[in-house]
Amino acid sequence: MTALDPPAPVLAGKLALAGKVALVAGASRGIGAATAHALARAGAAVVLAARDAAALSDVADRIQQAGGKALAVPTDVTDPAAVARLVARAVDTYGRLDAAFNNATDGPPPARLAELEPEEFDLAIASNIRGTFLGMRHQIPAMLRTGGGSIVNMASVAGMQGFANLAGYVTGKAGIIALTKVAALDYADQGVRVNVVAPGPILTHHLHAAGEQAQRQAGQATPMRRVGRADEVAAAVVWLCSDASSYITGVTLPIDGGQSAGVKPQRMYRAGEPMAAPDRSTSTS
């Protein structure tokens, strides 16, 4: 097991999704791959989508080797025909669709807004907002045909508040939250629930590659003073896809160590008094 391989989430042992069929877009690595494994451990047959066919096949192979059911379908989520084929393949193979996790994303590296090229901004909008819209557009009818289901969309705490140098990413994630609310309202009385997870800093391959200093800085930005794990996000997605969350729709669920709750300074000061030196015996910096 590597540092990025997640342990099984709590719900997995209860087979919360036994007999269900779940689709995961953006399943080739990181949170998507961790969630695909978690859904399979919870009893679901999983249909995996991403552009990287080789990485996607590897995730499917590992799920099958662990005794689960998995189907890899290379897909560009910004292509309407490709998304239609993906959902049709899931239904043709397993007979139904009960859950979906729309996790695919793409976009430019950090840059100040006026330095962002229009095509870079368009990429962030296409992969986040358009991709999520197309996914739901085909997933919802498939779920309605068998009595309903649950959709979880991937946003970020960056979609709930501004983050410097991330104009495309922030706008894309905010758009996902808005789309989710509309979809939740449109189908709340027809058995389809739609929710959002909004992670804070999570130790995926991107943050792992950035190194220990970046990881430490990201962790110190949260009240819990640590970064999250992919399996912690995956466990929340499994719960939202299961009947354990049957009365929840239209919700944005932060998974961020308290980051969206507000500010927790490492040290406080009193008005008119100099700040005391840090206590080195308890400092986490």
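First, a word on what this report is: a plain description of the structure on this page.

Cut-offs used in this document
- Residues numbered from 1 in each chain as written.
- Predicted model: local features only at pLDDT ≥ 70, side-chain atom pairs only at ≥ 80, totals over all residues.
- Heavy atoms only, no water.
- Axes fitted to C-alpha atoms, helices over the stretch in contact; angles between N-to-C directions.
- Helix = DSSP H or I, 4+ residues; strand = E, 2+ residues; numbered from the N terminus.
- Parallel < 35°, antiparallel > 145°, perpendicular 65-115°, else oblique.
- Left-handed = near helix turned anticlockwise from the far one by under 90°.
- Contact = heavy atoms within 4.5 Å.
- Nonpolar A, V, L, I, M, F, W, Y, C, P; charged D, E, K, R; others polar.
- Salt bridge = Lys/Arg side-chain N within 4 Å of Asp/Glu carboxyl O.
- Core = buried A, V, L, I, M, F, W, Y, C linked by side-chain atoms within 4.5 Å.
- Buried < 20%, exposed > 50% of the residue type's maximum accessible area, 1.4 Å probe, protein only.

## Notes on the packing of helix α4 (residues 118-144) against helix α5 (residues 167-187)
Phase 1: The contact between α4 and α5 brings their axes to 8 Å, and the two run at 20°. One way to sum up the angle between α4 and α5 is to call them roughly parallel. Seen from above, α4 lies across α5 with right-handed handedness. The segment α4 lies against α5, with F121, A124, I125, N128, I129, T132, F133, M136, I140 and L144 engaging A167, G168, Y169, T171, G172, K173, G175, I176, L179, A183 and Y187.
Phase 2: Here the residues of the contact of α4 with α5 sort into 14 nonpolar, six polar and one charged.

## Brief notes about the pattern of salt bridges
Phase 1: Applying the stated criterion across every chain yields a total of eight salt bridges.
Phase 2: The closest approach of N and O atoms between D106 and R51, which form a salt bridge, is 3.1 Å. Linking D106 in the loop between β4 (99-102) and α4 with R51 in the loop between β2 (45-50) and α2 (53-65), this pair joins segments that are 55 residues apart in sequence.
Phase 3: Note that R226 and E232 form a salt bridge whose closest N and O atoms lie 2.8 Å from each other.
Phase 4: A network of salt bridges, in which partner residues are shared, links R226, R229, D231 and E232.

## A few points about the packing of helix α3 (residues 80-94) against α4
Phase 1: Relative orientation of the contacting elements α3 and α4 amounts to 35°, with a least axis distance of 9 Å. For α3 against α4, the interelement crossing comes out right-handed. Facing P80, V83, A84, V87 and V91 of α3, the residues of α4 in contact are R130, L134, G135, H138, Q139 and A142.
Phase 2: Class assignment for the residues of the contact of α3 with α4 results in seven nonpolar, three polar and one charged.

## Quick notes on the environment of D79
Phase 1: Topologically, D79 is positioned in the loop between β3 (70-74) and α3.
Phase 2: Note: C-alpha distance between D79 and L134 (55 residues apart in sequence) is 8.1 Å.

## Thoughts on the nonpolar core
Phase 1: L39, V46, L48, I63, F101 and V197 are the most contacted members of the largest nonpolar core, which totals 36 residues.
Phase 2: Counting residues per element, the ones that place at least two in this core are β1 (21-25), α1 (30-41), β2, α2, β4, β5 (149-154) and α8 (230-241).
Phase 3: The contacts of L39, once residues within four sequence positions are left out, are L17, A22, V24, A44, V46, V238 and C241.
Phase 4: L23, L97, I151 and V194 belong to the second-largest nonpolar core, a separate cluster that totals 23 residues.

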